[in-house]
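# Secondary and tertiary structure notes
Below are the chains, spelled out letter by letter.
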Amino acid sequence: YSGLEEAVYRNIQACKELAQTTRTAYGPNGMNKMVINHLEKLFVTNDAATILRELEVQHPAAKMLVMASHMQEQEVGDGTNFVLVFAGVLLELAEDLLRMGLSVSEASYRVIEGYEKACKKALEILPDLVCCSAKSLRDVEEVASLLHTSVMSKQYGNERFLAKLIAQACVSILPDSGHFNVDNIRVCKIVGAGISASSVLHGMVFKKETEGDVTSVKDAKIAVYSCPFDGMITETKGTVLIKNAEELMNFSKGEENLMDLQVRAIADSGANVVVTGGKVADMALHYANKYDLMLVRLNSKWDLRRLCKTVGATALPRLTPPTLEEMGHCNSVYLSEVGDTQVVVFKHEKEDGAISTILIRGSTDNLMDDIERAVDDGVNTFKVLTRDKRLVPGGGATEIELAKQITSYGETCPGLDQYAIKKFAEAFEAIPRALAENSGVKANEVISKLYAVHQEGKKNVGFDIEAEAAAVKDMLEAGVLDTYLGKFWGIKLATNAAVTVLRVDQIIMAKPAGGPKPPSGKKDWDEDQND
């Protein structure tokens, strides 16, 4: 090939290899990847977003696919693997077209034009494939059934239990306005027991111990301080000249009295729980115990902010007594033991709290990390449903129907574009193919069966991953549903990424300028030496 052709093929090859990495992780039966990142941290997961985040992709063209996948993660929060697999197959099929004899620049132009037409057509067809919509997002049972598919791809076998937990947490904090914030669902992971011991708490859970003697408070009035729980310190150093023992006694007594007054003022304001963002001095702790104040120390400023949001408190920068408006309230604050881990729980009895916590239990850290990723996907799916309640059938049903209709559309198009349009349709087969291959079933058999059923007009029929052989079933009846927005953005972003890679015919790397290198080892080698 000429240099330009070589560059195009190399770009496509790099993208194909990246897509192949995550393709075997697609679907509920996808294989896990063991990723060790630059910090030597080990990840065992089949979540494409995590794999890509921890990989250091060097090739500029492959980075385009990674960026498209990150965009899907930000826009929808799920379906990152779909973007990668689909974009990878689009480029693979484009390579076949480029090798058919036209010059690379002309062939690329034709392929790009065909892909863009086909993508536009696919997004026009997609609304017709919607099989149902979410009726009520305040019904826990209905929401749990809609989250099954999203959770199943990460935690096959535990999806019913986890989907129920996620649904309870999401529904309990869904505001009347309908603007759902993903950050309001917190996750706390504690080693021990099993997944089935996981639970949902209305409020927040911190893996901390209380500082003082008080470990439980009912009807808590909470004062939150972003400063250390300690006496005031002067900004500049001060020198105190002490002439005799009496002055020394009075000096330390004055400090104690001042601390006593500060803590008593906080207790008199009605507060019975103090949360601080800094260290707790021994003397302050003594007086907190004297006035029956419960003391909790949170090192993270993010945790402090979230707690303020949960209990409705204002974080104070100095140890001043809080006003009623600045104090937070919750039903109870108590120290509890989960497994052998001490946790402090800020609990709201009422359902419609600002924040919910899912307490995850599991035998290993890796397992709990994977469950947390499944929970994140479930919560993001719920957020997508608050924006658009439409759902399309999963299990490759939507993809096969799109492939069928776009192939028919390709037949009607004159010119060379039709070849690219038909290849775009063929690319959709990669999704049911990946599901079948990862389930140990003959992919060609599955795809031919799906096409046969879809020709009869049964749009909702997809691949049955639970069957032993190549079998198909109605996805709407089976409850395997994907969000409309997830598919919409997935197709759009994957096509954009593939087209961007095809538009590139040269990669020009900026390298450090040449020239003599400075002598190593000699310090200040370029300065004049004064005798």
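Structural data are supplied above this passage.
Presented here is an overview of the structure given in this document. Predicted, not measured: the structure shown is a model, and the values here were computed from it.

What follows deals with the pattern of salt bridges. Taken as a whole and judged by the stated rule, the model has 25 salt bridges. A salt bridge links K16 to E95, with the nearest nitrogen and oxygen atoms 2.9 Å apart. Highlighted residues: K16 in helix α1 (residues 3-23) and E95 in helix α4 (residues 80-98), separated in sequence by 79 residues.

Quick look at the sheet that holds strand β3 (residues 132-133) now. Read from one edge to the other, the open sheet built from 3 strands follows the order β3-β13-β16, with strand pairing classed as antiparallel. In the strand order of this sheet, the two ends are held by β3 and β16 (481-483), each with one partner. Lying over the sheet, helix α17 (residues 484-503) contacts β13 (390-393) and β16, oriented at roughly 65 degrees with respect to β16.

The next subject is the side chain of D47. With respect to the helices, strands and loops of the structure, D47 is situated in the loop between β2 (42-45) and α2 (48-54). Within the structure, the side chain of D47 is placed 2.7 Å from the side chain of T50, a separation counted as a polar contact. With sequence-adjacent residues up to four places away left out, D47 is seen in contact with T80, K154, R373 and D377.

A few words now on helix α14 (residues 430-438). For α14, the tally of buried residues reaches 7 of 9 residues, placing the bulk of the element in the interior. Looking one or two residues beyond α14, the residue adopting positive phi is G440, at roughly 75 degrees.

The end-to-end C-alpha distance of helix α12 (residues 397-412), which contains 16 residues, comes to 24 Å, matching closely the 22 Å that a straight helix rising 1.5 Å per residue would cover. Every buried residue of α12 is accounted for by A397, T398, E399, I400, E401, L402, A403, K404, I406 and G410.

Each value, and the rule that gives it
Residues numbered from 1 in each chain as written. Predicted model: local features only at pLDDT ≥ 70, side-chain atom pairs only at ≥ 80, totals over all residues. Heavy atoms only, no water. Salt bridge = Lys/Arg side-chain N within 4 Å of Asp/Glu carboxyl O. Helix = DSSP H or I, 4+ residues; strand = E, 2+ residues; numbered from the N terminus. Pairing = 2+ DSSP bridges. Contact = heavy atoms within 4.5 Å. Axes fitted to C-alpha atoms, helices over the stretch in contact; angles between N-to-C directions. Polar contact = N/O pair within 3.5 Å; in protein donor to acceptor, adjacent residues only side chain to side chain. Buried < 20%, exposed > 50% of the residue type's maximum accessible area, 1.4 Å probe, protein only. Expected span 1.5 Å × (residues − 1).

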